[in-house]
Amino acid sequence: MMTAVAGLASPVCAQAPAEDGLTISGTVRVRYEMLEGQYRPALPPRDDALTTQTAIALDYRSGHWHLSAELIDARGYWIDAPGAVSTSEVDAMELSRASITYRDGPVEITAGRLHLNLGSRRLAARNAFRNTTNSFTGLRLDWHGRSGDTLTAFYTLPHTRLPSDRAALIDNRVRWDRESFDLAFWGAHYTRPDLFGGITLQANIFRLNERDGDNGPNRNRQLLTAGARLHRAPQAGSWDIDMEGAVQTGSIRQSIAPGAPRQDVRAFFAHAELGFSPDLPGHPRISALFDIASGDDPRSASFTRFDTLFGARRWEFGPSGIFGALARTNILAPGLRLETAPAPRWDVMALWRPTWVHSRRDRFSNTGPADPTGTSGRFAGHMIEVRLGHWLVENRLRLEAGTAVLTSGALLETAPNAPRFGDTRYAYGQMTVSF
């Protein structure tokens, strides 16, 4: 069964053997997306894109040593319409991972280009649905305790995906991604399984340091994010839980202007989910969930919009890609989700999320409408998603299709910069070949 939880695994090398020797694996994915009723301001009402992602990974193991490399070629076509193209869709011919690992007993050290999949993946993740993925250059230390607990400490330079100008992205031009000490991400993550009643405890502290430099002027984020999570995995005939929260402090410039004054950061997010998996054919699971992430109030002396750092969102907030309506920032959203596998190699997921903004004076999602006066209210609309997947050849050839609708609530209808195209309708279909 491919559920929303199972879908969090890395699409490449998820089942790579640990024996010594060389292994080669990879995926080829082709996806078509279509959107009507654009909710983002200043964009045309209709958008579509054809994207491809080819990932080829090589892993060589010998004794204590593990050498790995992965080439990811993410391209976009039919993306010349305004709004359809960004570095979330296009990053052609990039060496996303190239690292060397040494393990001796409980200690494992990795250096080079790498991915970070930490905890729930809400703050640091290798993207699964998005066409491009987060990569980092740096050092990672993993300690594995006798009771199954793990401690991960890392210091990395996040990659800035290139090129970033519109013409080069439309042409799928190849340009090496950039890393520099102008943007650094470091911290630690701890996991303690089976703390009590099958519940796993996770805790993290992350630091992001940003300054003007090769990436041009920016808001010079200096963010400290501390959080914890209690998680019990789904099992047939039992309840599962997922509760996570984080607070964010530090400082940020009010704008990208070099002389702009700085603001203190005071932000937070929380996620709560309770699920039940009846012991029935089809392995059904139903869950109730709730997310809140703070938004910014321009009247406040502090900056209060939560920054999700390098986290992924697809399994909780609907498809990203050219849809990406909901994000882990300025949101207050309960929800219901149903997952089942009605037949061998088939899986279905349905998700409903009515959505409000946490701050009525901040923008909706990452790029949505905003009303600085707050008179448009908080309700953004209902997001409904349905996804169907089928392994045509098990673990080799997968077909997937989905659709999502964001109804137009008061905020999306009356905000001063709202496009007023009505409900947003989105659909995608994709084929993934694994080898």
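Analysis parameters
Residues numbered from 1 in each chain as written. Predicted model: local features only at pLDDT ≥ 70, side-chain atom pairs only at ≥ 80, totals over all residues. Heavy atoms only, no water. Helix = DSSP H or I, 4+ residues; strand = E, 2+ residues; numbered from the N terminus. Rg over C-alpha atoms; globule rule 2.2 N^0.38 Å. Buried < 20%, exposed > 50% of the residue type's maximum accessible area, 1.4 Å probe, protein only. Contact = heavy atoms within 4.5 Å. Areas by Shrake-Rupley, 256 points an atom, 1.4 Å probe, with all protein chains shown as cover. Lys, Arg positive; Asp, Glu negative; His and termini not counted. Charge placed at Lys NZ, Arg CZ, Asp CG, Glu CD. 1 Å grid on protein atoms, 1.4 Å probe; cavity = no way out; pocket = protein on both sides within 12 Å on 5 of 7 lines; lining within 4 Å. Points joined across faces, edges and corners; volume = space filled by probe spheres on them. Nonpolar A, V, L, I, M, F, W, Y, C, P; charged D, E, K, R; others polar. Salt bridge = Lys/Arg side-chain N within 4 Å of Asp/Glu carboxyl O. Core = buried A, V, L, I, M, F, W, Y, C linked by side-chain atoms within 4.5 Å. Pairing = 2+ DSSP bridges. Polar contact = N/O pair within 3.5 Å; in protein donor to acceptor, adjacent residues only side chain to side chain. Phe/Tyr/Trp six-rings, centres within 6.5 Å; stacked < 30°, edge-to-face > 60°.

Chemist: Help me understand the overall build of the protein chain in this model?
Modeler: A tally of helices and strands in the protein chain yields 3 helices and 18 strands. Its C-alpha radius of gyration of 21 Å places the protein chain within 12% of the 22 Å reference for a compact globule of 435 residues. Projected onto its principal axes, the C-alpha positions of the protein chain cover 65 × 55 × 50 Å. Every one of the 435 residues in the protein chain was classed for burial, and the buried ones make up 50%. Partitioning the intrachain contacts of the protein chain with sequence separation of at least 6 by distance along the chain shows that 63% fall at a separation of at least 24. Counting only carbon and sulfur atoms, one obtains 62% of the accessible surface of the protein chain, whose full area is about 18,500 Å². Averaged over its 48 positive side-chain charges, the protein chain has a centre that lies 3 Å from the centre of its 46 negative ones.

Chemist: It is not clear to me how empty space enclosed by the protein should be interpreted in this structure. Could you clarify?
Modeler: Which parts of space are left empty comes out when a probe the size of a water molecule is rolled across the atoms. Taken as a whole and assessed by the stated rule, the structure comprises 4 cavities of 30 Å³ or more. Roughly 90 Å³ of internal volume is contained in the largest cavity. If you go around the largest cavity, the residues you meet are Ile72, Ala74, Asp91, Glu94, Ser96, Thr132, Thr133, Asn134, Ser135, His159, Arg161 and Asp177. Counting residues per element, the ones that place at least two in the lining of the largest cavity are strand E3 (65–77) and strand E4 (91–104). It is E4 that contributes the most residues to the lining of the largest cavity, 3 residues altogether. Per-class residue counts for the lining of the largest cavity are 2 nonpolar, 6 polar and 4 charged.

Chemist: Can you help me understand the pattern of salt bridges in this one?
Modeler: Oppositely charged side chains may form a pair once their charged atoms are brought near each other. In this structure the tally under the stated criterion is 33 salt bridges. Of the charged contacts in the structure, one is a salt bridge between Arg353 and Asp291, with a shortest N-O distance of 2.8 Å. Separated by 62 residues along the polypeptide, Arg353 in strand E15 (residues 346–356) and Asp291 in strand E13 (residues 285–293) bring together distant segments of the chain. Judged by its relative accessible area of 0%, Arg353 falls in the buried class. When the shortest N-O distance is used, the salt bridge between Glu316 and Arg328 registers 3.2 Å. Of the two residues, Glu316 sits in helix H2 (residues 314–317) while Arg328 sits in the loop between H2 and strand E14 (331–340), which places them 12 residues apart along the sequence. The exposure classification of Glu316 matches that of Arg328, with both residues buried. Here the salt bridges share partners, and the residues they tie into one network are Arg122, Arg229, Asp242, Glu244, Glu316 and Arg328.

Chemist: Just checking my understanding: could you explain the nonpolar core for this structure?
Modeler: A general tendency of soluble globular proteins is for nonpolar side chains to be buried together. Residues Leu116, Phe185, Phe323, Phe364, Leu406 and Tyr426 are the most contacted members of the largest nonpolar core, which totals 52 residues. Those residues in contact with Phe364, other than ones at most four positions away along the chain, are Tyr39, Ala325, Leu326, Asn330, Thr355, Val357, Pro369, Ala380, Leu406, Leu411 and Leu412.

Chemist: How should I be thinking about the pairing of E14 in this particular structure?
Modeler: Two faces belong to every sheet, and in a regular strand the side chains alternate between them. Two strands pair when backbone bridges link them, and E13 and E14 are joined in this way by 9 bridges, in the antiparallel orientation. Its bridge partner lying in E14, Ile292 is registered against Leu332. Taken together, the 6 bridges between E14 and E15 define a ladder with antiparallel strand orientation. Bridge pairing in E15 links Leu336 to Trp352. Taking the residues that link successive antiparallel strands as the turn, the E14-E15 hairpin has 5 residues, and the phi of Arg345 there is positive, at about 70°.

Chemist: Is there a simple way to think about the pairing of strand E18 (residues 424–434) in this case?
Modeler: Only one face of E18 is covered, namely the one carrying Thr424, Tyr426, Tyr428, Gln430, Thr432 and Ser434; the face carrying Arg425, Ala427, Gly429, Met431 and Val433 has none of its residues buried. Pairing geometry for strand E1 (residues 21–36) and E18, over 10 bridges, is antiparallel. From the neighbouring strand, Thr27 faces E18, where its bridge partner is Ser434. Pairing of strand E17 (residues 397–406) with E18 involves 10 bridges; the strand directions are antiparallel. Bridging across to E18, Gly402 finds its partner in Tyr428.

Chemist: Explain unusual backbone geometry to me, please; I cannot follow it from the model alone.
Modeler: Keep in mind that most residues, glycine aside, have a negative phi and that most peptide bonds are trans. Cis geometry marks the peptide bond from Leu162 to Pro163, where omega comes out at 0°. Tracing the backbone through its elements, the reader meets Pro163 in the loop between strand E7 (150–158) and helix H1 (166–170). A positive phi is found at Asp194, a non-glycine position, where the angle reads about 50°. By secondary structure assignment, the location of Asp194 is in strand E8 (residues 183–196). Using a relative accessible area of 54% as the deciding quantity, one classes Asp194 as exposed.

Chemist: Would you mind showing me how to read the environment of His66 here?
Modeler: Here His66 shows up in strand E3. Counting along the chain gives 61 residues from His66 to Asn127, while the straight-line C-alpha distance between them is 23 Å. Those residues in contact with His66 that sit more than four places away from it in its chain are Asp59, Tyr60, Arg61, Ser99, Ile100 and Thr101. At a separation of 2.7 Å, a polar atom in the side chain of His66 contacts the side chain of Asp59.

Chemist: Looking at this model, I keep getting lost on the packing of aromatic side chains. Mind explaining?
Modeler: What characterises a pair of aromatic rings is the spacing of the ring centres plus the angle enclosed by the ring planes. For the coordinates displayed, the defined rule picks out 15 aromatic pairs. Between Trp239 and Phe276 the ring centres are 4.9 Å apart and the planes differ by 45°, which places this aromatic pair in the tilted class. With Trp239 in strand E11 (residues 238–253) and Phe276 in strand E12 (residues 262–277), this residue pair connects regions lying 37 residues apart in the sequence. For Phe276, a relative accessible area of 25% puts it in the partly exposed group. The interplanar angle of 35° and the centroid separation of 6.1 Å between the aromatic rings of Tyr426 and Tyr428 together place this pair among those described as tilted. For the pair Tyr426 and Tyr428, a shared accessibility class is recorded, and that class is buried.

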